[in-house]
Amino acid sequence: MAIYECISFSAEETQRLAERLGERLVPGDLLTLEGDLGAGKTTFTKGLGKGLGVTRNINSPTFTIMKEYQGRMPFYHMDVYRLEDSEEDLGFEEYFEGEGVTVVEWAQFIREYLPEERLDITIHYKDESTRSIKLDAKSEHFDAICKEILL
């Protein structure tokens, strides 16, 4: 599969890209989201939620590990940063193979639990408003979505 890259020049552009992505997701889709603090992971996740029809305010689940939202399907937002060096299995497969869409921030800490078919997203801070967003499609399904929203 391919890696796609785009440059976003504002938080609004980042959200719109994520919203277009969210509109095309189906139950069982898994996305990982990496990036430094302040890179725009929560901004991106808010756009995903909007594309999935979530109307509640989306914020980072840093202290709860997972938040669930309802749109046209369940939307699971996980932040697994606090699970670094943890051996605890929190039943991730139940979410990854469920009826909703899951986005996992800091997914490198639970890499062994992740399905092979997923979309890995990395956001790099360029300057105050500019971000580089890389989409690494790990399946034909995600490759087709990336081509549709970026090309």
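Structure shown above.
Residues numbered from 1 in each chain as written. Predicted model: local features only at pLDDT ≥ 70, side-chain atom pairs only at ≥ 80, totals over all residues. Heavy atoms only, no water.

Visitor: If you had to explain the overall build of the protein chain to someone new, which residues and values would you point to?
Guide: Across its full length, the protein chain holds four helices and seven strands. Shown N-terminal to C-terminal, the secondary structure of the protein chain runs as helices and strands in the order β-α-β-α-β-β-α-β-β-β-α. The globule rule puts the C-alpha radius of gyration for 151 residues at 15 Å, and the 14 Å found for the protein chain is close to it. Seen along its three principal axes, the alpha-carbon backbone of the protein chain occupies a region of about 40 × 30 × 30 Å. Within the protein chain, the 30 negative side-chain charges are centred at a point lying 7 Å from the centre of the 17 positive side-chain charges. (Helix = DSSP H or I, 4+ residues; strand = E, 2+ residues; numbered from the N terminus. Rg over C-alpha atoms; globule rule 2.2 N^0.38 Å. Lys, Arg positive; Asp, Glu negative; His and termini not counted. Charge placed at Lys NZ, Arg CZ, Asp CG, Glu CD.)

Visitor: So what's going on with the layout of surface pockets? Residues and values would help.
Guide: Roughly 160 Å³ of internal volume is contained in the largest pocket. Along its surface, the largest pocket is lined by Gln15, Arg16, Glu19, Lys46, Lys50, Val54, Thr55, Arg56, Asn57 and Ile58. Mapped onto the lining of the largest pocket, the elements with two or more residues apiece are helix H1 (11–23) and helix H2 (41–51). At three residues, H1 tops the list of elements feeding residues into the lining of the largest pocket. Of the residues assigned to the lining of the largest pocket, the class counts are two nonpolar, three polar and five charged. (1 Å grid on protein atoms, 1.4 Å probe; cavity = no way out; pocket = protein on both sides within 12 Å on 5 of 7 lines; lining within 4 Å. Points joined across faces, edges and corners; volume = space filled by probe spheres on them. Nonpolar A, V, L, I, M, F, W, Y, C, P; charged D, E, K, R; others polar.)

Visitor: Describe in detail the packing of aromatic side chains, supporting the description with residues and values.
Guide: The description of an aromatic ring pair uses the distance of the two centres, along with the angle that the planes make with each other. Under the defined criterion, the tally for this structure stands at one aromatic pair. On the basis of an interplanar angle of 35° and a centroid distance of 6.2 Å, the ring pair of Tyr69 and Phe75 is categorised as tilted. On the accessibility criterion, Phe75 (0% relative accessible area) is buried. (Phe/Tyr/Trp six-rings, centres within 6.5 Å; stacked < 30°, edge-to-face > 60°. Buried < 20%, exposed > 50% of the residue type's maximum accessible area, 1.4 Å probe, protein only.)

Visitor: Now, about the environment of Val80: what can you tell me, with residues and values included?
Guide: Checked against the element boundaries, Val80 lands in the loop between strand E4 (74–79) and helix H3 (92–96). Look past the residues within four positions of Val80 in its chain and what remains in contact with it is Ile65, Phe92, Val104, Glu105, Trp106, Ala107, Phe109 and Ile110. (Contact = heavy atoms within 4.5 Å.)

Visitor: Could you give an account of the pairing of strand E3 (residues 66–70), with specific residues and numbers?
Guide: In the sheet, E3 pairs with E4 via five bridges, with the strands oriented antiparallel. Bridge pairing in E4 links Gln70 to Pro74. Taking the residues between adjacent antiparallel strands as the criterion, E3 and E4 are bridged by three residues. (Pairing = 2+ DSSP bridges.)

Visitor: Just give me the short version of unusual backbone geometry, but keep the residues and values in it.
Guide: We note that Trp106 has phi near 60°; this positive angle belongs to a residue other than glycine. With respect to the secondary-structure elements, Trp106 resides in the loop between strand E5 (101–105) and strand E6 (119–125).

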